[in-house]
Amino acid sequence: MLIFAPMESRNIILTQDIIQKKIERIAYEIYELNSDGTDIILAGIWDRGVIIAHKLAAILEQISPLKIHIIELRLDKQNPGEVLVSEEIDFNNKVIVVVDDVANSGRTMLYALKPLLKYLPKKIQTAVLVDRKHKSFPLSVDFVGYSLATTLQDMVLVEMNGDEIVSAYFE
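Residues numbered from 1 in each chain as written. Predicted model: local features only at pLDDT ≥ 70, side-chain atom pairs only at ≥ 80, totals over all residues. Heavy atoms only, no water.

A. Main features of the packing of helix 1 (residues 16–34) against helix 2 (residues 48–63). Look at helix 1 against helix 2: their axes get within 9 Å of each other, and the N-to-C directions meet at 55°. By the criterion of interaxial angle, the relationship of helix 1 to helix 2 is oblique. Judged by the sense of rotation from one axis to the other, the crossing of helix 1 with helix 2 is right-handed. Listed contacts from helix 2 to Q20, I23, E24, I26, A27, Y28, I30 and Y31 of helix 1 are K55, L56, I59, L60 and I63. Of the residues that constitute the contact of helix 1 with helix 2, the class distribution is ten nonpolar, one polar and two charged. (Axes fitted to C-alpha atoms, helices over the stretch in contact; angles between N-to-C directions. Helix = DSSP H or I, 4+ residues; strand = E, 2+ residues; numbered from the N terminus. Parallel < 35°, antiparallel > 145°, perpendicular 65-115°, else oblique. Left-handed = near helix turned anticlockwise from the far one by under 90°. Contact = heavy atoms within 4.5 Å. Nonpolar A, V, L, I, M, F, W, Y, C, P; charged D, E, K, R; others polar.)

Structural data, given as structure tokens:
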């Protein structure tokens, strides 16, 4: 799905090349903080978070001996009552990294944790490409590609073309 805003309303904050470097850096940070384990679960929030999780997994598989498992978390971001998990696995004593494109208010990421909390994971960490500093919910992101202070009226968006991340911008 291709999403565009009129060029005059865009303020590009990350280009495709820079996004790739940010994702690589996040992958190295994930490995550094979890190098004592044998496997890791990347839980991507549908749909952009899943794409970023796959990109992280490809890099982690090249740089580490960790066994990477990707799952998808689906929820309605406007009314996040139910969270669907792509497959039921035992999350007990596992390292889980919840991945999304942008952390705006923190609400989506907190609701995405809901199905994971009926288990006793070893760790739950969070990773986003862009972290906004105006959160309404108590969420601290562990792995951040780019941190940005905006006004409450600014929308931060990630532009995709299929499974390619084209840019990140605010309007």
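B. Inspection of the nonpolar core at higher detail. Residues L56, L129, V130 and I165 are the most contacted members of the largest nonpolar core, which totals 33 residues. Considering every element that reaches this core, the biggest residue donor is helix 2, with seven residues. If you look at the next biggest cluster of nonpolar residues, it comprises 21 residues, including I71, A103, M109 and V141. (Core = buried A, V, L, I, M, F, W, Y, C linked by side-chain atoms within 4.5 Å. Buried < 20%, exposed > 50% of the residue type's maximum accessible area, 1.4 Å probe, protein only.)

C. Spotlight on the packing of aromatic side chains. Evaluation of the coordinates by the stated rule reveals one aromatic pair. Relative to Y119, the ring of F91 has its centre 5.2 Å away and its plane inclined at 70°; by these criteria the two rings are edge-to-face. A residue pair is termed long-range when its members are at least 10 positions apart, and F91 in the loop between strand 4 (84–85) and strand 5 (95–103) and Y119 in the loop between helix 3 (107–112) and strand 6 (123–132) qualify at 28 residues. Take F91: its relative accessible area is 1%, and that puts it in the buried class. The residue whose ring lies beneath R10 is Y169, and the NZ or CZ to ring-centre distance is 4.7 Å. Here the guanidinium or amino end of R74 rests over the ring plane of W46, the centre of that ring lying 3.7 Å away. (Phe/Tyr/Trp six-rings, centres within 6.5 Å; stacked < 30°, edge-to-face > 60°. Lys NZ or Arg CZ within 6 Å of the ring centre and 35° of its normal.)

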